[in-house]
Amino acid sequence: MARRMAVGNWKMNGLVQDLGEIDLLKSEHSAPGCGVLICPPATLIARMADHVAGSAIMVGGQDCHAAEAGAHTGDISALMLRDAGASHVILGHSERRADHGEDDATVQAKARAAQAVGLTAIVCVGETEAQRDAGETLDVISRQLDGSLTDDPALLIVAYEPVWAIGTGRTPTLEEIAQLHDAMRAHLGDRFGDKAADIPLLYGGSVKPGNAGEIFAVSNVDGALVGGASLKAADFGQIIAALDAA
Ligand code: PEP
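Just so it is clear, the structure is predicted and the values come from calculations on it, not from any experiment. (Residues numbered from 1 in each chain as written. Predicted model: local features only at pLDDT ≥ 70, side-chain atom pairs only at ≥ 80, totals over all residues. Heavy atoms only, no water.)

**Here we look at the pattern of salt bridges**
Here is step 1 of the chain: In this structure the tally under the stated criterion is 13 salt bridges.
Here is step 2 of the chain: We note a salt bridge from E21 to K232, for which the minimum N-O separation is 3.7 Å. Here E21 is found in helix α1 (residues 20-28), whereas its partner K232 is found in the loop between β8 (223-226) and α10 (233-245), with 211 residues between them in sequence.
Here is step 3 of the chain: With a relative accessible area of 45%, K232 lands in the partly exposed category.
Here is step 4 of the chain: Among the salt bridges present, the one from K110 reaches D63, with a minimum N-O distance of 2.8 Å. Of this pair, K110 sits in helix α5 (residues 104-116) while D63 sits in the loop between β3 (57-61) and α3 (78-84), placing them 47 residues apart in sequence.
Here is step 5 of the chain: By relative accessible area, which is 7% here, K110 ends up buried.
Here is step 6 of the chain: Overlapping salt bridges bring together D63, R96, E102 and K110 as one network. (Salt bridge = Lys/Arg side-chain N within 4 Å of Asp/Glu carboxyl O. Helix = DSSP H or I, 4+ residues; strand = E, 2+ residues; numbered from the N terminus. Buried < 20%, exposed > 50% of the residue type's maximum accessible area, 1.4 Å probe, protein only.)

**Some words on the site of the ligand**
Here is step 1 of the chain: In the vicinity of the ligand there are 14 residues, among which K11, H93, E161, G167 and S206 approach most closely.
Here is step 2 of the chain: At 2.5 Å, a side-chain N or O of K11 approaches an oxygen atom of the ligand.
Here is step 3 of the chain: Interatomic distance of 2.8 Å between a backbone N/O atom of G227 and an oxygen atom of the ligand.
Here is step 4 of the chain: When the free accessible area of the ligand is taken as 290 Å², the share hidden by the protein chains comes to 97%.
Here is step 5 of the chain: In the shell around the ligand, the residues fall into four nonpolar, eight polar and two charged. (Near = heavy atom within 4 Å. Polar contact = N/O pair within 3.5 Å; in protein donor to acceptor, adjacent residues only side chain to side chain. Areas by Shrake-Rupley, 256 points an atom, 1.4 Å probe, with all protein chains shown as cover. Nonpolar A, V, L, I, M, F, W, Y, C, P; charged D, E, K, R; others polar.)

**Topic: the pairing of strand β7 (residues 201-204)**
Here is step 1 of the chain: Going residue by residue along β7, you find L201 and Y203 tucked away on one face and L202 and G204 tucked away on the opposite face as well.
Here is step 2 of the chain: Of the pairings in the sheet, the one linking strand β6 (residues 156-160) to β7 comprises three bridges and is parallel in character. Across the sheet, the residue bridging to A159 is L202, located in β7.
Here is step 3 of the chain: Where the polypeptide runs from β6 across helix α8 (residues 174-192) and back to β7, its parallel neighbour, the crossover connection is right-handed.
Here is step 4 of the chain: As paired strands, β7 and β8 are joined by two bridges and run parallel to one another. The partner of G204 across the bridge, within β8, is L225.
Here is step 5 of the chain: Each parallel crossover has a hand, and the one from β7 via helix α9 (residues 209-216) to β8 is right-handed. (Pairing = 2+ DSSP bridges. Right-handed = clockwise from strand over helix to strand, strands pointing away.)

**Section: α10**
Here is step 1 of the chain: Spanning 13 residues, α10 covers 18 Å between terminal C-alpha atoms, matching the ideal 18 Å at 1.5 Å per step.
Here is step 2 of the chain: For α10, the set of buried residues is A233, F236, G237, I239, I240, A242 and L243. (Expected span 1.5 Å × (residues − 1).)

**Structural notes on unusual backbone geometry**
Here is step 1 of the chain: Backbone geometry at K11 places phi at a positive 50 degrees, although glycine is not the residue there.
Here is step 2 of the chain: For K11, the position within the fold is in the loop between β1 (5-9) and α1.
Here is step 3 of the chain: Assessed through its relative accessible area of 22%, K11 is described here as partly exposed.
Here is step 4 of the chain: In this model, N220 sits at a positive phi of 65 degrees, which is unusual for a non-glycine residue.
Here is step 5 of the chain: Looking at where N220 falls in the secondary structure, it is placed in the loop between α9 and β8.
Here is step 6 of the chain: Residue classification places N220 among the partly exposed residues on the basis of a relative accessible area of 23%.

**A look at the sheet that holds strand β4 (residues 88-91)**
Here is step 1 of the chain: Spatial strand order, β1-β2-β3-β4-β5-β6-β7-β8: eight strands in a closed barrel with parallel pairing. Adjacent strand axes in the sheet meet at a mean angle of 25 degrees when their direction is disregarded.
Here is step 2 of the chain: Bridging between β3 and β4 involves two bridges; their strand directions are parallel. Opposite G60, over in β4, you have H88 as the bridge partner.
Here is step 3 of the chain: The sheet strands contacting helix α2 (residues 45-52) are β2 (35-39) and β3, and the helix crosses β3 at an angle near 170 degrees.
Here is step 4 of the chain: Helix-sheet contacts for α8 involve β5 (120-125), β6 and β7, and the interaxial angle to β7 is about 145 degrees. (Axes fitted to C-alpha atoms, helices over the stretch in contact; angles between N-to-C directions. Contact = heavy atoms within 4.5 Å.)

Take it as geometry only, folks, not as evidence of what the structure does.
Structure, rendered in structure tokens:
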């Protein structure tokens, strides 16, 4: 698995007509020096996987159910994601935690299900603004890592996404990002030993072409999970280029 990753989270955006953005990315980044992954809505995964076949771009899901199969109307299993062409799945995004009441145990169960079928779990953690203001950030992140991760560090990416920075245009200072990412690496080291060094640690929250370079220069930042700026190839392409250059 690539240690440096640029991951696009399209959230609930994207129609068949938007697959043209992927063609642009493919032509302009045919041999990126980092892993490039797009997580479109579930309706586009199979089509996008066909679109990127033969290129360096990978496709992922934005969520999966913890069960292998069964009576779960509207849900999608990890095996279904893999079957559609996904190699990764985002889990525990703060919008899932807030909108669907997902707690750490739920995220852990989903991560276990994803890894069991060979998907890489991109586990998201991050504090709310109130937790940040109360000085609880490190405690929140430690608790979420303890509760959400499985015992498998091989098929794992961790994304630090301060909730208050998502879609707001606000970001922590570079010093704060460094402090958090160093702390996460140390936390993973306590849990996984030497294997922690290989786990990609992504920063997410208002990463744009204009700030990507400085964020990628921060200690223990191995890439980004990008929402809004991943929707247009022109913007996401600049973020990929910044990661390649870092
Ligand atoms: C996200 O939703 O994971 C995210 C980081 O969004 P944005 O880049 O738009 O802040």
